[in-house]
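# Overview (structure and organization)
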Amino acid sequence: MKMITAIIQPDKLPDVKAALFAAEVYKMTVSNVIGCGQQMGYEETYRGAVTEVNLLKKVRLDIAVNEDFVQKTIDAIIKGARSGKIGDGKIFITDLVECIRIRTGEKGGAAIG
Ligand SMILES: Nc1ncnc2c1ncn2[C@@H]1O[C@H](COP(=O)(O)OP(=O)(O)OP(=O)(O)O)[C@@H](O)[C@H]1O
Ligand SMILES: [Mg+2]
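First, a word on what this report is: a plain description of the structure on this page. Given the structure is predicted, the values throughout are model-derived calculations rather than measurements.

Attention shifts here to the nonpolar core. Generally speaking, nonpolar side chains in soluble globular proteins are found buried as a group. Counting 18 residues, the largest nonpolar core has Ile 4, Ile 8, Val 16, Leu 20, Leu 61, Ile 63 and Ile 77 as the members making the most contacts within it. Contributions of two or more residues to this core are made by β1 (2-8), α1 (13-22), β3 (56-65) and α2 (70-81). Examining the composition of this core, we find that five residues originate from one element, α2, more than from any other. Ignoring anything within four residues of it in the chain, the contact list for Ile 4 reads Leu 61, Asp 62, Ile 63, Val 65, Val 70, Thr 73, Ile 74, Ile 77, Ile 91, Phe 92 and Ile 93.

We now examine the packing of aromatic side chains. This structure, assessed with the given rule, holds one aromatic pair. The aromatic ring of Phe 69 is capped on one face by Lys 72, whose charged end is 4.3 Å from the ring centroid.

Turning next to the site of ligand 1. Lining the immediate surroundings of ligand 1 are 13 residues, of which Gln 38, Gln 39, Gly 87, Gly 89 and Lys 90 lie closest. Contact between ligand 1 and Gly 35: an oxygen atom at 3.3 Å from a main-chain N or O atom of the residue. Within the side chain of Lys 90, one N or O atom sits 2.8 Å away from an oxygen atom of ligand 1. Because more than half of its atoms lie within 2 Å of the grid, ligand 1 is assigned to the largest pocket. The element contributing the most residues to the shell around ligand 1 is strand β4 (residues 89-95), with three residues.

The rules we used
Residues numbered from 1 in each chain as written. Chains lettered and ligands numbered in written order. Predicted model: local features only at pLDDT ≥ 70, side-chain atom pairs only at ≥ 80, totals over all residues. Heavy atoms only, no water. Core = buried A, V, L, I, M, F, W, Y, C linked by side-chain atoms within 4.5 Å. Buried < 20%, exposed > 50% of the residue type's maximum accessible area, 1.4 Å probe, protein only. Helix = DSSP H or I, 4+ residues; strand = E, 2+ residues; numbered from the N terminus. Contact = heavy atoms within 4.5 Å. Phe/Tyr/Trp six-rings, centres within 6.5 Å; stacked < 30°, edge-to-face > 60°. Lys NZ or Arg CZ within 6 Å of the ring centre and 35° of its normal. Near = heavy atom within 4 Å. Polar contact = N/O pair within 3.5 Å; in protein donor to acceptor, adjacent residues only side chain to side chain. 1 Å grid on protein atoms, 1.4 Å probe; cavity = no way out; pocket = protein on both sides within 12 Å on 5 of 7 lines; lining within 4 Å. Sits in = over half its atoms within 2 Å of the grid points.

Here it is, written out as structure tokens:
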């Protein structure tokens, strides 16, 4: 099991959601977050003196998947989120130790799927 966390541009959420749906990925947690990457939140053309990071509005997706869904989930996020410009976002993948469906007590792959 893996936890796939993606930080994307907020205006790409509809496209990412549609691409995930097409890949039969229906379960997700979506949050509004703020953050910055290697441009420290400023455009490359920014000419002022940068004295601190500038936190920009982003959308975060957390999607827990079984191993056979890892690559198609990643592909769908990239398909929906990529414009080719700076700030398109990032995907972080971590090993997921456990998942428990509270209602039934199911664990692991059965609880995720
Ligand atoms: N190393 C990191 N750790 C935690 N969050 C990160 C990291 N890199 C990026 N992020 C998050 O992802 C968001 C989008 O990052 P972004 O796409 O700007 O990455 P980048 O490394 O600057 O790449 P690019 O040059 O394409 O813009 C950031 O606003 C931040 O929320
Ligand atoms: Mg960036």
